[in-house]
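# Chains, contacts and geometry: an overview
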Amino acid sequence: AQVKEALEHHGVGPERIKITGAYIFDKWFSGLHPSSSRRDFCRKYNLREKDPILLYLGTSRQLGGDESWILPKLRKALDARVQILLKPHPRNYENYKKVRPGVFTLLPSRGADTEEGLQDLYDFIYHSAAVTGINTSAMVEAAIIGKPVISLLLKGYEKTQAQTEHFKQLLDEDVLYLAETIEALPQLLSDILDGRDLKKEKRE
């Protein structure tokens, strides 16, 4: 896919291209490991160790604007056992502070451009049963470490998704679960929790 983009959009000759990987994702294949046990992770963020965790990955302000309205609706649609972790985009953090307490657990705002932020993000994904959101490159990282990814296809965010290359590639590879409404997500998550992860081989 990247070779095609280099040829079509950047005018680079094929003789000058060598595929070596996607540098920003390399560390997700071998360099990262969970920094704590499930028990310690849950204690740190005041979560229930035995109940499932759904991680909501926030979109950048440029692409997603204020998507804080989604979280209360998602909380209402989900089984009470399911805990919601929210990892906002580091440059789109403030909007979530206005949502009433108890809807989700708000995670640290530091981005993955530092070692601490990168390890945080890995731990958040690793200890979650699945991840969801509108559109963010962290969906690629979640798929790399084997986590199911549920994308919300909500009205008003069509361009945010259709105009982003990595999102189109995830669609083309059929690794995303797609929920056209917030109310459709719980059944997808329930199937995953029950062991019916139909996208597992696609992610691998």
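As shown above, the structure is provided for reference.
Residues numbered from 1 in each chain as written. Predicted model: local features only at pLDDT ≥ 70, side-chain atom pairs only at ≥ 80, totals over all residues. Heavy atoms only, no water.

### Quick look at the side chain of Asp-197
Here Asp-197 shows up in the loop between helix 10 (185-193) and helix 11 (200-203). By relative accessible area, which is 18% here, Asp-197 ends up buried. Sequence-distant contacts of Asp-197, defined by excluding residues within four places in its chain, comprise Pro-148, Tyr-177, Asp-191 and Arg-203. (Helix = DSSP H or I, 4+ residues; strand = E, 2+ residues; numbered from the N terminus. Buried < 20%, exposed > 50% of the residue type's maximum accessible area, 1.4 Å probe, protein only. Contact = heavy atoms within 4.5 Å.)

### Describing the packing of aromatic side chains
Under the counting rule described, the total for this entry stands at 6 aromatic pairs. Centre to centre, the rings of Trp-28 and Tyr-122 are 5.6 Å apart; their planes meet at 35°, and the pair counts as tilted. Of this pair, Trp-28 sits in helix 2 (residues 23-30) while Tyr-122 is found in helix 6 (residues 115-126), placing the two residues 94 residues apart along the sequence. Each of the two residues, Trp-28 as well as Tyr-122, counts as buried. Aromatic rings pair up to connect Trp-28, Tyr-122 and Tyr-126 into one cluster. Over the ring of Tyr-126 we find Lys-147; its NZ or CZ atom is 5.9 Å from the centre of that ring. Positioned above the aromatic ring of Tyr-177 is the side chain of Lys-199, whose terminal nitrogen or guanidinium carbon lies 5.9 Å from the ring centre. (Phe/Tyr/Trp six-rings, centres within 6.5 Å; stacked < 30°, edge-to-face > 60°. Lys NZ or Arg CZ within 6 Å of the ring centre and 35° of its normal.)

### Let's talk about the pattern of salt bridges
On inspection of all chains with the given rule, the structure shows 10 salt bridges. Ionic pairing is found between Asp-51 and Arg-48, a salt bridge with its closest N-O pair at 2.5 Å. One salt bridge connects Asp-194 with Arg-196, and the closest N-O pair in it is separated by 3.7 Å. Put simply, Asp-191, Asp-194 and Arg-196 are held in one network by salt bridges that share partners. (Salt bridge = Lys/Arg side-chain N within 4 Å of Asp/Glu carboxyl O.)

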